[in-house]
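What follows is each chain in one-letter form.
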Amino acid sequence: MSGGNAAFAAYYLIIIVAVVASLIGMRQPIGKMLKMALGWVAIFGVAFLIFAFRGEFSSIGQRLKAEALGSAVADGETLRVPIGEDGHFWVDATINGRPLRLMIDSGASVTTVSRAFAESAGVPIDGRRTVVQTAAGPASSIQSSAEQLEVGSIKRTDFRSTSTSTATSTCSA
């Protein structure tokens, strides 16, 4: 038996001896002592399960919190976003440090914000004019770049590329 296993065996033996000694010391009938021993086994079994699955219970707690509050939950590098009451996925974000509630659109190639928000967040509004496709049809916008975008634990600051994919944001004109 290795040193680690011997330590666990000794620990379990001490627990068993303590429980048996306490039951014998109470001088109860054997049937009642067996019921009490079974109760102790159940208590330690539940405690062991809670300890063994503490990570899963934490995730369940975070998901319940997200559902109750309607907020995103970070799980390492993954951000889980619950569906809103209106059927959309909403997150609390910051653009250039200014808070904003954004709707997630997995099919969008750009992030769009209103002109008023862009001005208040310090996003330049003197960029190149472009047309974006929305659910309501094409809309005129101005292409520019934010300094920083944060959604939960995800932080992007590399918007100065020349790509026109997710590295750009537009604001409605």
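Source: prediction; values computed, not measured. (Residues numbered from 1 in each chain as written. Predicted model: local features only at pLDDT ≥ 70, side-chain atom pairs only at ≥ 80, totals over all residues. Heavy atoms only, no water.)

*Asks:* Go over the sheet that holds strand S9 (residues 154-156), please, and point to the residues and values.
*Replies:* Taken in spatial order, the four strands of this open sheet run S4-S3-S8-S9, and their pairing is antiparallel. At either margin of the open sheet sits one strand with a lone partner, and together these are strand S4 (98-104) and S9. Averaged over all pairs of adjacent strands, the angle between strand axes in this sheet comes to 25°, irrespective of strand direction. (Pairing = 2+ DSSP bridges. Helix = DSSP H or I, 4+ residues; strand = E, 2+ residues; numbered from the N terminus. Axes fitted to C-alpha atoms, helices over the stretch in contact; angles between N-to-C directions.)

*Asks:* I'd like to hear about the nonpolar core, residue by residue, with values.
*Replies:* In this structure, Val-91, Ala-93, Ile-95, Leu-102, Val-113, Phe-117, Ala-118, Ala-121, Val-123, Ala-146, Leu-149 and Val-151 together form the largest nonpolar core, which totals twelve residues. Within the residue set of this core, elements represented by two or more residues are strand S3 (89-95), helix H4 (115-120) and strand S8 (149-151). With three residues, the single largest contributor to this core is S3. Sequence-distant contacts of Ile-95, that is, excluding residues within four places in its chain, are made with Leu-100, Val-113, Phe-117, Ala-121, Val-123, Ala-146, Gln-148 and Leu-149. (Core = buried A, V, L, I, M, F, W, Y, C linked by side-chain atoms within 4.5 Å. Buried < 20%, exposed > 50% of the residue type's maximum accessible area, 1.4 Å probe, protein only. Contact = heavy atoms within 4.5 Å.)

*Asks:* Help me get a handle on the layout of surface pockets, residues and values and all.
*Replies:* When its volume is computed, the second largest pocket comes out at roughly 430 Å³. Lining the second largest pocket are 15 residues, and of these Tyr-11, Tyr-12, Ile-15, Phe-44 and Gly-45 sit closest to its centre. The set of elements that each furnish at least two residues to the lining of the second largest pocket consists of helix H1 (3-25) and helix H2 (30-52). No other element matches H2, which puts eight residues into the lining of the second largest pocket. (1 Å grid on protein atoms, 1.4 Å probe; cavity = no way out; pocket = protein on both sides within 12 Å on 5 of 7 lines; lining within 4 Å. Points joined across faces, edges and corners; volume = space filled by probe spheres on them.)

*Asks:* Which residues make up the pattern of salt bridges, and what are the values?
*Replies:* For the coordinates displayed, the defined rule picks out two salt bridges. For Arg-101, the salt bridge goes to Asp-92, with nearest N and O atoms at 3.1 Å. For Arg-101, a relative accessible area of 43% corresponds to the partly exposed category. Its salt-bridge partner being Glu-119, residue Arg-115 comes within 3.6 Å of it at the nearest N-O pair. Remark: Glu-119 and Arg-115 occur in helix H4; sequence separation between them is four residues, near one turn of the helix. The class for Arg-115 is partly exposed, based on a relative accessible area of 32%. (Salt bridge = Lys/Arg side-chain N within 4 Å of Asp/Glu carboxyl O.)

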